[in-house]
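Spelled out, the chains give:
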Amino acid sequence: MQALTNRAKSVDRKPMTFLESIYLWNIFKGMLITFRHIFKKQPTIHYPEQKRPFSPVFRGLHVLNRDEEGRERCTACGLCAVACPAEAITMEAAERVPGEENLYREEKYAARYEINMLRCIFCGLCEEACPKDAIYLSETFAPANFTRTGFIYGKTDLLIPNPKTEAADLAKAKGEL
Amino acid sequence: MTLLAIDWILVLEKLILIAVIIFASLGIALYTTFAERKVAGILQDRPGPNRAGPFGLLQPFADGLKLIMKEEIIPNTSNKWLFILGPGLAMTAALMTCAVVPWGDKVELFGRTISLQIADINVGILYVFAVVSLGVYGIMIGGWASNNKFSLLAALRGASQAISYELAMGLSLIALLMTTGTLQLGEIVKQQQAPGHLWNIVYQPLGFLIFLVCAFAECNRAPFDLPEAENELNFGYHQEYSSMKLGFYLFSEYINMFISSAIMATLFFGGYDVPFLDESKLAPNMAAIIGIVALLVKVVIFIFFFMWVRWTIPRFRYDQLMNLGWKKMIPLALANMLITGAVVLYLHK
């Protein structure tokens, strides 16, 4: 019969000789192989101390952006929630009152903005849908938590530090410090 | 009245020695579990446990604490009395063997000469054999009392394996005993220590090989770990066990490994003998300490060998195990015995 590949080997069904049947030589050969592995370099990355760098297009946890003056960019238009295939985003809009111009960029803002990280599939469609450059996916991923409520991230968890008042925190979050 | 005159200091001395040796065995077994995981890791290109304490050195205590904190479950269909007896017996049998191993030569303390062997009985090797065969009762009783078909099957496998390999082990030892002429372990070490006499491995290489293979089988270590075959028998005889009773079973395996390494070192590798060193020229206490260290080094090498084999080769199939035991090991041991007998007879003429 013609072999299907050139690597096919016919199986040797000869009965074992006495020396083969006490297995010692073959066990010895196997042990040499494992012994060689003692001196091999370990590919392990010791996680909390060493971290593998993510690629620049990595899609991790979301952040809500501010502009240069520290005002929230989000106008609660709801396009991200519509774009979200996992329906992970909920928000409530509110109207800016006079005197809040330094907090919110436009007349309408998100009073409540929640992302359920257990539902989120980190596809990045919210980032693409946002017309105001307000939502971005960062390079960190969700840490473990004991409760489900711990995975629902509110505005305090998502907003980046204010570049005016918390410049040091922002630099740290960006990894510049 | 002299019949009742007991040397109380001797009793005290032996009690202390027993306590020290048992705690040392337990401590070494404790760290053998850690070493096993470390060796497994290194042979598989990974670091092994390294989180608990520096280099993971506290790992065995973490493991032990975890086992103690687990819920103690006794299945209600099991035979409770035997269920508890099983792990206890396994542990006791494992620890009892260390009574006849000569851990070192004599030390002089407080004006007394103390032998570092608990009991140098004249049937030393027979005693080891008797206790080792007791060890299989731990497996059998545990498997039987669990009232679980996997455990029972594992217990049967364990029993038949122990019986098959004890035969070859005994036969390989008979050849050794022909050359030494004594069953006393202390005496066997002294003979190997004597100038002009090499270690027994030189006179009995085949006997050692057979003994080594059988020691693997007696300790239920891979490739002979059929009684606890994880993938087909679901951990076998200790499947129903939890908490410290499981710990006892796992622990007794490591103690067995330690003791059988010590026995192998004693019988074939000169025990506490250091090669090319004349112990009689040293101070007796110094010589004893060097002897203990030498024995421990040999034991550690053997334990590493045990692990190295375990993480290299897969488990035998049951028919392969029986074939190897009855059709290969026993004929080899018999041949070895015949040749040794003939040579001994020829040399004595």
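These figures come from a predicted structure and were not determined experimentally.

Asks: Quick one: what's the story with the overall build of chain A, residue by residue and with numbers?
Replies: Per the secondary structure count, chain A includes six helices and five strands. Taking 16 Å as the expected radius of gyration for a compact globule of 177 residues, we find that chain A reaches 29 Å, considerably beyond that expectation. Judged by the C-alpha coordinates and their principal axes, chain A covers about 95 × 45 × 35 Å. Restricting to contacts in chain A with at least 6 residues of sequence separation, those with at least 24 account for 70%.

Asks: Tell me what's going on with the overall build of chain B, and back it up with residues and numbers.
Replies: When helices and strands are tallied, chain B shows 12 helices and two strands. For 349 residues, the compact-globule estimate of 2.2 N^0.38 gives 20 Å, and the C-alpha radius of gyration of chain B, at 21 Å, lies within 12% of that figure. When the backbone C-alpha atoms are referred to their principal axes, chain B occupies close to 60 × 55 × 50 Å. Expressed as a percentage of the 349 residues in chain B, the buried residues total 43%. Here the contacts in chain B between residues at least 6 apart in sequence split such that 80% fall between residues at least 24 apart.

Asks: How would you sum up the pairing of strand 1 (residues 106-109) of chain B? Please name residues and give values.
Replies: Two faces belong to every sheet, and in a regular strand the side chains alternate between them. Residues and elements named next belong to chain B. Both strand 1 and strand 2 (residues 112-115) contribute to a ladder of four bridges, which runs antiparallel. When the sheet's bridge partners are listed, K106 is paired in strand 2 with S115. Adjacent in sequence and paired antiparallel, strand 1 and strand 2 are bridged by two residues, among which F110 carries a positive phi angle near 50 degrees.

Asks: An account of the sheet that holds strand 5 (residues 152-153) of chain A is needed here, citing residue identities and associated values.
Replies: Read across the sheet, three strands follow the order 2-3-5 (chain A) without closing on themselves; strand pairing throughout is antiparallel. Strands with a single pairing partner mark the edges of an open sheet, and in this sheet they are strand 2 (89-95) and strand 5 of chain A.

Asks: Give me the nonpolar core: which residues, what numbers.
Replies: Across soluble globular proteins, nonpolar side chains show a tendency to be buried alongside one another. Residues and elements named next belong to chain B. With 89 residues, the main nonpolar core has C214 and F258 as its most contacted residues. For this core, the leading source of residues is helix 10 (residues 243-268), giving 14 residues. Setting aside its immediate chain neighbours within four residues, F258 contacts S25, I28, A29, T32, V299 and I303.

Asks: So what's going on with helix 10 of chain B? Which residues, and what values?
Replies: The periodicity of an α-helix, 3.6 residues per turn, causes residues three or four positions apart to be oriented the same way. All names here are of chain B. With 26 residues, helix 10 extends 38 Å between its outermost C-alpha atoms, agreeing within 8% with the 38 Å of an ideal straight helix rising 1.5 Å per residue. With 22 of 26 residues buried, helix 10 is to be regarded as a mostly interior element. The first or second residue beyond helix 10 is G270, which carries a positive phi of 75 degrees.

Asks: Explain the interface of chain B and chain A to me, and be specific about the residues and the numbers.
Replies: At the junction of the two partners, chain B supplies 13 residues and chain A supplies 12 residues. Every element with two or more residues in the side of chain B that touches chain A is listed here: helix 1 (8-43), helix 11 (284-310) and helix 12 (318-348) of chain B. Residues that form the side of chain B that touches chain A fall into these classes: eight nonpolar, two polar and three charged.

Asks: Can you break down the environment of C219 of chain B residue by residue, with the values?
Replies: Residue and element names in this part refer to chain B. Note on placement: C219 falls in the loop between helix 8 (205-218) and helix 9 (230-233). By the C-beta count within 10 Å, which is 24 here, C219 ends up buried. Sequence separation between C219 and A94 is 125 residues, and the spatial gap between their C-alpha atoms is 9.7 Å. Beyond its immediate sequence surroundings of up to four residues, C219 is in contact with E253, N256, M257 and S260.

Asks: I'd like a rundown of the packing of helix 8 of chain B against helix 10 of chain B, residues and numbers included.
Replies: All names here are of chain B. Look at helix 8 against helix 10: their axes get within 11 Å of each other, and the N-to-C directions meet at 165 degrees. In this view, helix 8 runs roughly antiparallel relative to helix 10, as classed from their interaxial angle. Read as a crossing pair, helix 8 and helix 10 show a hand that is right-handed. Packed against helix 8, whose contacting residues are F208, F211, L212, A215 and E218, the element helix 10 presents S260, M264 and F268 at the interface. Along the lines of polarity and charge, the residues of the contact of helix 8 with helix 10 split into six nonpolar, one polar and one charged.

Asks: Before we move on, could you go through the confidence of the model for chain B and cite the residues and values that matter?
Replies: Mean pLDDT for chain B: 84, with 98% of residues reaching 70 or above. Prediction confidence for the complex, expressed as pTM and ipTM, is 0.79 and 0.71 respectively.

Asks: Residue-level account of unusual backbone geometry, with values.
Replies: With a phi close to 55 degrees, A76 of chain A is a non-glycine residue in the positive phi region. Tracing the chain through its elements places A76 of chain A in the loop between strand 1 (62-64) and helix 3 (79-83). Of note in this structure, F55 of chain B is not a glycine but carries a positive phi near 55 degrees. When you line up the elements, F55 of chain B lands in the loop between helix 1 and helix 2 (59-69).

Conventions used here
Residues numbered from 1 in each chain as written. Chains lettered and ligands numbered in written order. Predicted model: local features only at pLDDT ≥ 70, side-chain atom pairs only at ≥ 80, totals over all residues. Helix = DSSP H or I, 4+ residues; strand = E, 2+ residues; numbered from the N terminus. Rg over C-alpha atoms; globule rule 2.2 N^0.38 Å. Contact = placed C-beta atoms within 7 Å. Buried ≥ 20, exposed ≤ 12 C-beta atoms within 10 Å, placed from the backbone. Pairing = 2+ DSSP bridges. Core = buried A, V, L, I, M, F, W, Y, C linked by C-beta atoms within 7 Å. Expected span 1.5 Å × (residues − 1). Nonpolar A, V, L, I, M, F, W, Y, C, P; charged D, E, K, R; others polar. Axes fitted to C-alpha atoms, helices over the stretch in contact; angles between N-to-C directions. Parallel < 35°, antiparallel > 145°, perpendicular 65-115°, else oblique. Left-handed = near helix turned anticlockwise from the far one by under 90°. pLDDT = per-residue confidence, 0-100.

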